[in-house]
Amino acid sequence: MPNAFPSSALVALNQYDIASEQYAVAVVREMEIEDGRSTLKDAAVRRIMDEKSIAYTPAEKLVETDAEYVALLKARREVVLAKTRLYGERESARMAFQLAVTLARVSEEVAA
């Protein structure tokens with residue numbers, strides 16, 4: 001095989017790089033959300049305790065009715081979905097790269 005990859009392999013490799021970078025950003029965002037979740041949950045429980053004049057345990061059962069906490073959970077779901085999609089894109093690009101290289105190698109062997 002020549003030193004250069006076929007153009008289809010280079011396109012796939014570029015797509016892999018892009019998807020990998022976006023995947024890494026999504027992983028970092030998920031970690032940031034998760035790092036702040038317990039603090040936001042505690043604040044939401046305390047808001048519910050104050051609003052409803054109830055103890056911590058009953059308020060904790062109602063925490064998923066708190067708008068801020070629900071928004072955080074929604075953001076977490078969205079980033080997990082994005083991360084899953086990006087993982088698939090990355091794997092697809094990796095397989096496309098491998099296929100392009102293999103096809104180029106086979107074409108060269110047939111031509112020889």
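Let us look at the structure shown here.

**Re the overall build of the protein chain**
Piece 1. The number of helices and strands found in the protein chain is three helices and zero strands.
Piece 2. For the protein chain, whose C-alpha radius of gyration is 24 Å, the value lies well above the compact-globule estimate of 13 Å for 112 residues.
Piece 3. Counting every position in the protein chain, which comprises 112 residues, the buried fraction comes to 24%.
Piece 4. Within the protein chain, residue pairs in contact and separated by at least 24 positions form 67% of the contacts whose partners lie at least 6 positions apart.
Piece 5. In the protein chain, the 15 positive side-chain charges and the 18 negative ones have mean positions that sit 5 Å from each other.

**Things to note about the nonpolar core**
Piece 1. In this structure, Val63, Tyr69 and Leu72 are the most contacted members of the largest nonpolar core, which totals 14 residues.
Piece 2. Counting only elements with at least two residues in this core, the list comes to helix H1 (7–52) and helix H3 (67–111).
Piece 3. It is H1 that provides the largest number of residues to this core, a total of seven residues.
Piece 4. Apart from residues lying up to four places away in sequence, Tyr69 is in contact with Arg37, Leu40, Lys41, Ala44, Val63 and Glu64.

**Some thoughts on a nonpolar patch on the surface**
Piece 1. Side chains of Phe5, Leu10 and Leu13 sit close together on the surface and give an oily, nonpolar patch of about 230 Å² of accessible area.
Piece 2. Within the secondary structure layout, Leu13 lies in helix H1.

**A closer look at the pattern of salt bridges**
Piece 1. As enumerated under the stated definition, the model contains eleven salt bridges in all.
Piece 2. Among the salt bridges present, the one from Arg37 reaches Glu34, with a minimum N-O distance of 2.9 Å. Remark: Glu34 and Arg37 occur in helix H1; sequence separation between them is three residues, near one turn of the helix.
Piece 3. Residue Arg47 pairs with Asp66 through a salt bridge whose shortest N-O separation is 2.7 Å. Note that Arg47 is positioned in helix H1 and Asp66 in the loop between helix H2 (56–61) and H3, a separation of 19 residues in sequence.
Piece 4. Since its relative accessible area comes to 10%, Asp66 is described here as buried.
Piece 5. In this structure, a network of salt bridges that share partners links the residues Glu34, Arg37 and Arg76.

**Points about unusual backbone geometry**
Piece 1. The residue Ser53 is not glycine, and still its phi comes out positive at about 50°.
Piece 2. Structurally, the position occupied by Ser53 is in the loop between H1 and H2.

**Describing the environment of Ala59**
Piece 1. Note on placement: Ala59 falls in helix H2.
Piece 2. For the pair Ala59 and Asp42, spaced 17 residues apart in sequence, the C-alpha separation works out to 9.9 Å.
Piece 3. Not counting residues within four places of it along the chain, the set of residues in contact with Ala59 comprises Val45, Ile48, Met49 and Ile54.

**A word on the side chain of Asp66**
Piece 1. Here the side chain of Asp66 touches Glu68 through a polar contact of 3.2 Å, landing on its backbone nitrogen.
Piece 2. In contact with Asp66, other than residues within four places in its own chain, are Ala44, Arg47 and Ile48.

Cut-offs and rules
- Residues numbered from 1 in each chain as written.
- Predicted model: local features only at pLDDT ≥ 70, side-chain atom pairs only at ≥ 80, totals over all residues.
- Heavy atoms only, no water.
- Helix = DSSP H or I, 4+ residues; strand = E, 2+ residues; numbered from the N terminus.
- Rg over C-alpha atoms; globule rule 2.2 N^0.38 Å.
- Buried < 20%, exposed > 50% of the residue type's maximum accessible area, 1.4 Å probe, protein only.
- Contact = heavy atoms within 4.5 Å.
- Lys, Arg positive; Asp, Glu negative; His and termini not counted.
- Charge placed at Lys NZ, Arg CZ, Asp CG, Glu CD.
- Core = buried A, V, L, I, M, F, W, Y, C linked by side-chain atoms within 4.5 Å.
- Patch = residues over 30% accessible without salt bridge, like charges linked within 9 Å, V, L, I, M, F, W, Y side chains within 5 Å.
- Areas by Shrake-Rupley, 256 points an atom, 1.4 Å probe, with all protein chains shown as cover.
- Salt bridge = Lys/Arg side-chain N within 4 Å of Asp/Glu carboxyl O.
- Polar contact = N/O pair within 3.5 Å; in protein donor to acceptor, adjacent residues only side chain to side chain.

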